[in-house]
Every structure is written in structure tokens, then in C-alpha cells.
Amino acid sequence: MLTLDDLLPIATPLKLEPRRFGRVVACDGGLIEAGGLDVPVGALCRIDDGHGGSQPSEAIGFRNGRTMLMLLGDTVRLRPGSRIWTEGHPGMLPVGTSFLGRAVDGEGHPIDGLGPVRVDAWAPAGGARVSALERARVSEPFDTGVRAINALTTFGTGQRVGVMAGSGVGKSVLIDMIAHGHDAEITVVGLIGERASEVSDFVARHMSSERRATTALVAVPADHAPNLRLRGACQATALAEHFRSQGKRVLLILDSLTRVAHATREIGLLLGEPGAARGYPPSALSTITKLVERAGNSASTGGSITGLYTVLADGDDQDDPVVDTARAILDGHLVLSRALAQRGQYPAIDVAASLSRVMDDIVSPGHRALARAFRALVANYEANRDLVLMGAYRPGADPELDRAIGMQDALNGFLSQERDEQASLDHSVARLAALFGA
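Residues numbered from 1 in each chain as written. Predicted model: local features only at pLDDT ≥ 70, side-chain atom pairs only at ≥ 80, totals over all residues. Heavy atoms only, no water.

Visitor: Please explain the overall build of the protein as it appears in this structure.
Guide: When helices and strands are tallied, the protein shows 15 helices and 20 strands. When the backbone C-alpha atoms are referred to their principal axes, the protein occupies close to 95 × 60 × 40 Å. Scored against the burial criterion, the 438 residues of the protein give a buried share of 50%. Looking at the protein alone, contacts between residues at least 24 apart form 71% of all its contacts between residues at least 6 apart. (Helix = DSSP H or I, 4+ residues; strand = E, 2+ residues; numbered from the N terminus. Buried < 20%, exposed > 50% of the residue type's maximum accessible area, 1.4 Å probe, protein only. Contact = heavy atoms within 4.5 Å.)

Right, dumping it as C-alpha cells:
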């Protein structure tokens, strides 16, 4: 027999508890002070714009009984006394398998026009700190699909690598090649602080192929607020951690780490933090370390995050604070040379300056010896290139240099690779052996 409860529709319980609001007290250079608002750092809030809508903001600190916020948009309609209230899950980011095949912004909202994304779980924005022994050692090679990397600076599964270069040298092209040719199960891409046209180009190239079902994209272009850019980097890393916890082999591509440092610098300077190294406050450089350390292998789940981070060397300065900090914490780095790019060599990887710290542990002794011989020939030729081009070098004076000169075309041909060409790890090693007649 039906009861009254059976006939009533099932509804979400009403929240009848009192709701706390705050008020805008001051706004100075994008930094908003709110009174009467008791929220934790990292909480998302909404600010009434006075026209029937609201603007998103994020709590970034507190001082003298007031909460400090930054808008995730513009301050055009902001007024004194505007009402502020909290929303969402403070300090948490949405994750889940439903993000695969989708493109979202720094708040996890879709930007691909395919409808809302279902949130399966929430993850802490700063990650969960684990024991150092939870990070299992790198013991297996990682196939990037790029011949020069596979043969000469072999990556390992769970390794963190930086791609370091100035502007316009080919970082994005190399990232595209790796994103297309790698052998990981899941790809998470974070395009942080890049051009909006580059985001649409990436979606057109990679989100329409067979890899779409295993790729998640987080994009926050350069014209967005600094805290949203930082949130986008954390969102991409949180998604990678979620899939690693399921035992998946994940490739995390973050382009670029320098833009994340720029965003953190803007936030730190707004909060009054003094600039230390070339204007970067200590928090900006420590953010890089915390972000990178979240990648790696998991001993408990067997999953892995192979991190690939681009680092923009301002003015081609390899001693830039961001470049130097990244190089110290990463497990390897690829240096792209403007001189090689101007000669028409793509990808313009400077083999002598690039390094994979785990290569000796994951390749065979024969492969290791061939790679060292190749690097020695390239370094020898580059050191004496001016003498050779001027005709000041007398053949026969240095047998190793004579060999490098004689093999120069073959060496350059090995390093060059078309954008849509793929070279597997086994094929790359076999071609390297054939180059030396081994």
C-alpha cells in the first residue's frame, strides 16, 4: 500500500543553517580585503557585482582580522561594501575519469562546449605529502617517440624532465611530438600562461585523434588572473595524481613552469613579500619545487607520473633563477639551442648540454657506450666548429675531430626529425648502433 512518503518527490534536503557573508572593505592593485569573512586560504568565494551576477575570487591570506582575496577575473564592477560568500570545497580540486577527453579551465569548468564534467572525487590542491620511500626508483625506460631523446638522453618512467629554451626555439613543437609519440596510458596536459591560439591549436591536433579518450587538458591562457594560472597548474597535477593512484602510467606535460613562477611572483608581491632573486620572492621558487616533487613513481599503487616541464629561459639565460631552480630539482633536462634552430635542425636539442640523470640505470651497457660516443663527437665538433669553417684546422691533427667532421652529416641527420615522424625506443637504439657500425 502506497504511503504519502512514496508519492512525494525525492528532493535534496534544504540547508536551513545560517549563512555567513562578508563585505569588501578595500581593493588595491587586484588585492581585495574583506571584513566579516572567516574562510581558509584557498577557498573560492563569490563577490556580488551589483548587477544580478557575481564574480569568482580566491582567498590567498589574511591580515589584521581581514581576509585577503584575489579575483579570478577583472575588478571592473567591484564596489565598496559588495557582499561576499563562499562556495565549493575549500582547498580542494575536482578530479575523475570524466575529465578524460575534455578541456577545462583552472576551476575545472569545461571550455570545449561539450557540457558539464562530472566530478568523481576531490583532491587537495597542494597534494598529499607522502614518505620519501613512497617514491619508488626509476627502473624502466620511457618511450617518447623522439629519436634524439630515446637514444641519447633516455627518459625513465616516473622521471621529471625540464625542456629549457628561450622563446621561439621549438619547445611547443617538441612537446607536440612527445604528446603524439609517447607510450603512457594517460596524458594530462597543462597549458599555463600560454597564448589562447596555442590552446586551440593543441585541441585541434590532439583532442580529435585516437588519443583523445586518454587525454585531459587544463588550459589557462596568459590573460587570466595569476591565482587562476597557479590553480590551473595544481589542477593538472591533481588529475595526474588521481590517475596514478589507480595504478596508471601517466605523462604530465606542464607548459610552462616559468609562467607558474610568474603567477606566484605576482601573488607574493601583492601580499608584500620582498623580491629576492631577480624579483622572484622565495615563495615563487619554492612553489616550483613543491609542484615538481608531486610527480614520480608510487610504490604503493604501482602507478607513475612522468613529468615533462617546459622552462622559459628569459633572454636565453640558462642561469635565470627559475631555470636554475628547475635544473636543480629535476631528474634531467633538455636544452634547446637557438643556434641549432637557426641552422635548421629540429628539434634543436643541444645534446652536449642535455642530461638524463637516470639513463645509466635503465639502458644496456652497449647503448650507454654508443650514446657517450655520439655525444663526444658532437661536443668535439662544436668546440672546434669555428676553426673548421675558417679553414684553420689541418686534417690529421686530431683523429677524433677528423671522425666528427666526416660523420657530421650523419650525426645531423640522426638528430633531425620531422614533426609528424615517430621513432620508437627500439628503432632509435637500432639506428644509433647502425650509425657506428655496431
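Visitor: Got a minute to help me understand the pattern of salt bridges in this structure?
Guide: A side chain with one charge may pair with a side chain of the opposite charge, provided their charged atoms come close. Under the defined criterion, the tally for this structure stands at 18 salt bridges. Residues Asp-112 and Arg-102 are paired through a salt bridge, measuring 2.8 Å at the closest nitrogen-oxygen approach. Residue Asp-112 is located in the loop between strand E8 (103–104) and strand E9 (121–124), and its partner Arg-102 is located in the loop between strand E7 (92–95) and E8; the two are separated by ten residues in the primary sequence. Taking the relative accessible area as the measure of exposure, Arg-102 reaches 10% and is therefore buried. The partner of Arg-294 in a salt bridge is Glu-241, and the shortest N-O contact between them spans 2.8 Å. Of this pair, Arg-294 sits in the loop between helix H7 (282–293) and strand E17 (296–298) while Glu-241 sits in helix H5 (residues 226–244); the two residues are 53 residues apart in sequence, bridging distant segments of the chain. Judged by relative accessible area, Arg-294 falls into the buried class, the value being 7%. Owing to a relative accessible area of 15%, Glu-241 belongs among the buried residues under this scheme. A single network of salt bridges, built from pairs that share partners, joins Arg-160, Glu-293 and Asp-331. (Salt bridge = Lys/Arg side-chain N within 4 Å of Asp/Glu carboxyl O.)

Visitor: Would you explain helix H3 (residues 171–181) in this entry?
Guide: Each turn of an α-helix holds 3.6 residues, which means side chains three or four residues apart point in the same direction. Most of H3 sits out of view: eight of its eleven residues are buried. Within H3, burial applies to Lys-171, Leu-174, Ile-175, Asp-176, Met-177, Ile-178, Ala-179 and Gly-181. Packing partners of the buried residues in H3 comprise helix H2 (147–152), strand E13 (160–165), helix H4 (196–206), strand E16 (249–255), strand E18 (304–312) and strand E19 (332–335).

Visitor: Explanation requested: the pairing of strand E3 (residues 44–48) in the structure shown.
Guide: Side-chain direction in a regular strand flips from residue to residue, so the side chains alternate between the two faces of the sheet. The buried count for E3 comes to four of five residues, which makes it a mostly enclosed element. One ladder, built from five bridges, connects E3 with strand E4 (residues 54–63); its direction is antiparallel. Looking across to E4, one finds that Arg-46 is bridged to Pro-56. Where E3 folds back onto E4 in an antiparallel hairpin, the turn is made up of five residues, including Gly-50, whose phi is positive at roughly 80°. (Pairing = 2+ DSSP bridges.)

Visitor: For this particular structure, what's the right way to read the packing of H7 against helix H8 (residues 321–329)?
Guide: Packed helices, taken two at a time, are described by the angle their axes make and the gap between the axes. Two elements in contact, H7 and H8, have axes separated by 10 Å at closest approach and are oriented at 30°. Every pair of crossing elements has a handedness; the one defined by H7 and H8 is right-handed. Residues Leu-285, Ile-288, Thr-289, Val-292 and Glu-293 of H7 form the contact with H8, whose own contacting residues are Pro-321, Val-322, Thr-325 and Ile-329. (Axes fitted to C-alpha atoms, helices over the stretch in contact; angles between N-to-C directions. Left-handed = near helix turned anticlockwise from the far one by under 90°.)

Visitor: Teacher, can you tell me more about the packing of aromatic side chains here?
Guide: Here a ring pair, both rings aromatic, is described through the centre-centre distance and the interplanar angle of the planes. In total, this model carries three aromatic pairs according to the counting rule given. Considering the side-chain rings of Phe-21 and Trp-85, the 6.2 Å spacing of their centres and the 70° angle between planes classify their relative orientation as edge-to-face. Of this pair, Phe-21 sits in the loop between helix H1 (4–7) and strand E1 (22–28) while Trp-85 sits in strand E6 (residues 83–87), and the two are 64 residues apart along the sequence. Accessibility expressed as a relative area gives 33% for Phe-21, which makes it partly exposed. Judged by centre distance (5.3 Å) and plane angle (50°), the ring pair of Phe-374 and Phe-414 falls under tilted. Taken as a pair, Phe-374 in helix H11 (residues 365–383) and Phe-414 in helix H14 (residues 408–415) lie far apart in primary sequence, 40 residues in all. On the basis of relative accessibility, which here comes to 1%, the residue Phe-414 falls in the buried class. Sitting over the ring of Phe-414, Arg-147 keeps its end group 5.8 Å from the ring centre. The ring of Tyr-280 has Arg-265 lying over it, and the distance from NZ or CZ to the ring centre is 4.4 Å. (Phe/Tyr/Trp six-rings, centres within 6.5 Å; stacked < 30°, edge-to-face > 60°. Lys NZ or Arg CZ within 6 Å of the ring centre and 35° of its normal.)

Visitor: Would you take a moment to explain the sheet that holds strand E2 (residues 31–35) for this structure?
Guide: Sheet strands pair via backbone hydrogen bonds, and the direction of the pair is either parallel or antiparallel. Taken together, six strands build a closed barrel; the order of strands is E1-E2-E5-E4-E3-E6 and the barrel is antiparallel. Across this sheet, the average inter-strand angle for adjacent strands is 45°, counted without regard to direction. In this sheet, E2 lies alongside E1 in antiparallel orientation, the contact comprising five bridges. Note on E2: the bridge partner recorded for Val-24 is Ala-34. Lying on the sheet, H5 is in contact with E3, E4 and strand E5 (66–71); it crosses E5 at an angle near 80°.

Visitor: I tried to follow the pairing of E6 on my own but got confused; where do I start?
Guide: Strand direction decides the pairing type here: E1 and E6, joined by two bridges, are antiparallel. The partner of Arg-23 across the bridge, within E6, is Arg-83.

Visitor: Teacher, can you tell me more about unusual backbone geometry here?
Guide: Trans peptide bonds make up the majority, and among non-glycine residues the majority have a negative phi. For the peptide bond that leads from Asp-255 to Ser-256, omega is 10°, which places it in the cis range. Take Ser-256: it is sitting in the loop between E16 and helix H6 (257–270). In this structure, the amide linkage connecting Tyr-346 to the following residue, Pro-347, adopts the cis form with an omega of -5°. Positive phi outside glycine occurs at Asn-64, with the angle close to 55°.

Visitor: I tried to follow the confidence of the model for the protein on my own but got confused; where do I start?
Guide: For the protein, the mean per-residue pLDDT works out to 88, and 95% of the residues sit at or above 70. Residue range residues 6–12 is modelled with pLDDT below 50. Its contacts to residues more than four positions away, or to other chains, number two contacts. (pLDDT = per-residue confidence, 0-100.)

Visitor: How should H5 be read in this particular structure?
Guide: Over its 19 residues, H5 runs 27 Å from end to end, which matches the ideal 27 Å to within 8%, given 1.5 Å per residue. With 19 of 19 residues buried, H5 is to be regarded as a mostly interior element. (Expected span 1.5 Å × (residues − 1).)

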